[in-house]
Amino acid sequence: MGQTRLQCLISLLSVLSCTTDQARLTLSPSSSQFFEGDSLSLSCEEDDSSAGWTLRRNTTRETRTQCGPDWGTSAGSSCTISLTVPLDSGVYWCESREGATSQSINITVSGGAVILQSPVLPVMEGENITLICRTQTSSDLPADFYKQGSLIIDRPTGHVTILHVSKADEGVYRCNIRGHGESPPSWISVTGTPTTTAPPTTAATPTTVAPPREPITASSAAPPPDPAPLQQVFTVVRYLVVFCPYVISTVLMVSLYRHRLTGNHLSVSMVMTPPTHAEQGLEDDYDDITTEHQF
């Protein structure tokens, strides 16, 4: 009986956890770096609009601030930054009224002359990714591409494509255009989970080159923390707190009802035993005494 109750509780929690609505954060244009003065749009693609998903961010000056009025223009679960500034650099994510969060992304707004356009979300192993080193006016200038501070390749067109990425391609990248400067660093994450992020596109066709792979050194930057494990733990704890009292009360009511049904079928046996010789003697004496006092 106890094992059955435990199995029912586990099944209930599993169903509730699987049906929890999530939000997917998208960025347009899809790039981890922007020039100062560029515009960008973030959106929470949600399965349930009633969850009330909003955009939040952490920067060097603020923590967990919501889109508009301090930054951006909010429109439901979307947010637009019309004129970006370096202070807009930071971590962005979607958050519901209950505190659930989506995956986070890192955005860098550069006041320099060169940026590196790279995927802002993790890419799946086996896909091809394109890196574009560009200035505000051109994306076809000769550029050198670096990973973990080491030169991996120089391209006359400013484009490089990494074929069939794997975990070995994960790391910190930057590029340099001679005579213009160097881009900020950008972390590229590789995962085994499919993603919907497409590499940035331009009018020119990028050159396809597979750069050599080198191990990540101790100087590599760490990727932003992913709030997904904390979100799963929060979801399980929330449902345990909300539904455990209902499950326990239901089990107690069922147990009490079965106990009453069992009690109604019990019968009480009444056993009549014949009187003993001593008791029979007392009765005879009582009869004799009654007879003697008759007038």
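Everything below is about the structure shown above.
Below is a short write-up of the structure. Just so it is clear, the structure is predicted and the values come from calculations on it, not from any experiment.

A word on the sheet that holds strand β5 (residues 65-66)
Adjacent strands of a sheet pair through backbone hydrogen bonds, lying either parallel or antiparallel. Taken in spatial order, the five strands line up as β2-β9-β8-β4-β5 in an open sheet, and their pairing is mixed. Bordering the open sheet on either side are β2 (33-35) and β5, each of which pairs with just one other strand. Where strand β4 (residues 54-58) meets strand β8 (residues 90-95), five bridges bridge the pair, whose relative direction is antiparallel. Bridge pairing in β8 places R57 opposite Y92.

Here's the deal with the pairing of strand β12 (residues 129-134)
The element β12 is largely enclosed, with a buried count of five among its six residues. Bridging between strand β10 (residues 115-117) and β12 involves three bridges; their strand directions are antiparallel. Directly across from L116, in β12, lies its bridge partner C133. Here four bridges tie β12 to strand β15 (residues 159-162), and the two strands are oriented antiparallel to one another. Looking at the pairing, L131 lines up with V160 of β15.

A word on the state of the cysteines
Inspection of the entire model under this criterion finds three disulfides. A sulfur-sulfur distance of 2.1 Å marks the disulfide that ties C44 to C94. A torsion of -105° about the S-S bond marks the disulfide between C44 and C94 as left-handed. Taken as a pair, C44 in strand β3 (residues 40-46) and C94 in strand β8 lie far apart in primary sequence, 50 residues in all. Both residues of the pair, C44 and C94, belong to the buried class.

Some remarks on the sheet that holds strand β7 (residues 78-81)
Spatial strand order, β1-β3-β7-β6: four strands in an open sheet with antiparallel pairing. Every interior strand has two partners, whereas the edge strands, β1 (23-28) and β6 (73-75), have only one. Across this sheet, the average inter-strand angle for adjacent strands is 15°, counted without regard to direction. Alignment of β1 against β3, held across six bridges, turns out to be antiparallel. Paired with L25 across the strands is C44, a residue of β3.

A word on the environment of W71
By the element assignment, W71 lies in the loop between β5 and β6. Each C-alpha atom, one on W71 and one on S82, is 9.8 Å from the other, the two residues being 11 residues apart in sequence. The residues contacting W71, other than those within four sequence positions of it, are L55, R56, R57, E62, T65, Q66, C79, I81 and Y92. A polar contact is formed between the side chain of W71 and the side chain of T65, at a distance of 3.2 Å.

Some details on the pattern of salt bridges
In this structure the tally under the stated criterion is eight salt bridges. Note that R56 and E95 form a salt bridge whose closest N and O atoms lie 3.8 Å from each other. Taken together, the positions of R56 in strand β4 and E95 in strand β8 put the pair 39 residues apart, joining distant regions of the chain. Residue E62 is joined to R57 by a salt bridge in which the shortest nitrogen-to-oxygen separation is 2.6 Å. According to the relative accessible area criterion, R57 is buried, its value standing at 4%. Look at the salt bridges and you will find they share partners, linking R56, R64 and E95 into a network.

Describing the pairing of β4
Counted residue by residue, β4 has four buried out of five residues, so it is predominantly covered. Summarising the sheet, β4 and β5 pair through two bridges and their orientation is antiparallel. Residue R56 lies in a different strand from β5, and its bridge partner there is Q66. Counted between consecutive antiparallel strands, the loop separating β4 from β5 contains six residues, among which R64 sits at a positive phi close to 55°.

The rules behind each value
- Residues numbered from 1 in each chain as written.
- Predicted model: local features only at pLDDT ≥ 70, side-chain atom pairs only at ≥ 80, totals over all residues.
- Heavy atoms only, no water.
- Pairing = 2+ DSSP bridges.
- Helix = DSSP H or I, 4+ residues; strand = E, 2+ residues; numbered from the N terminus.
- Buried < 20%, exposed > 50% of the residue type's maximum accessible area, 1.4 Å probe, protein only.
- Disulfide = S-S within 2.5 Å.
- Axes fitted to C-alpha atoms, helices over the stretch in contact; angles between N-to-C directions.
- Contact = heavy atoms within 4.5 Å.
- Polar contact = N/O pair within 3.5 Å; in protein donor to acceptor, adjacent residues only side chain to side chain.
- Salt bridge = Lys/Arg side-chain N within 4 Å of Asp/Glu carboxyl O.

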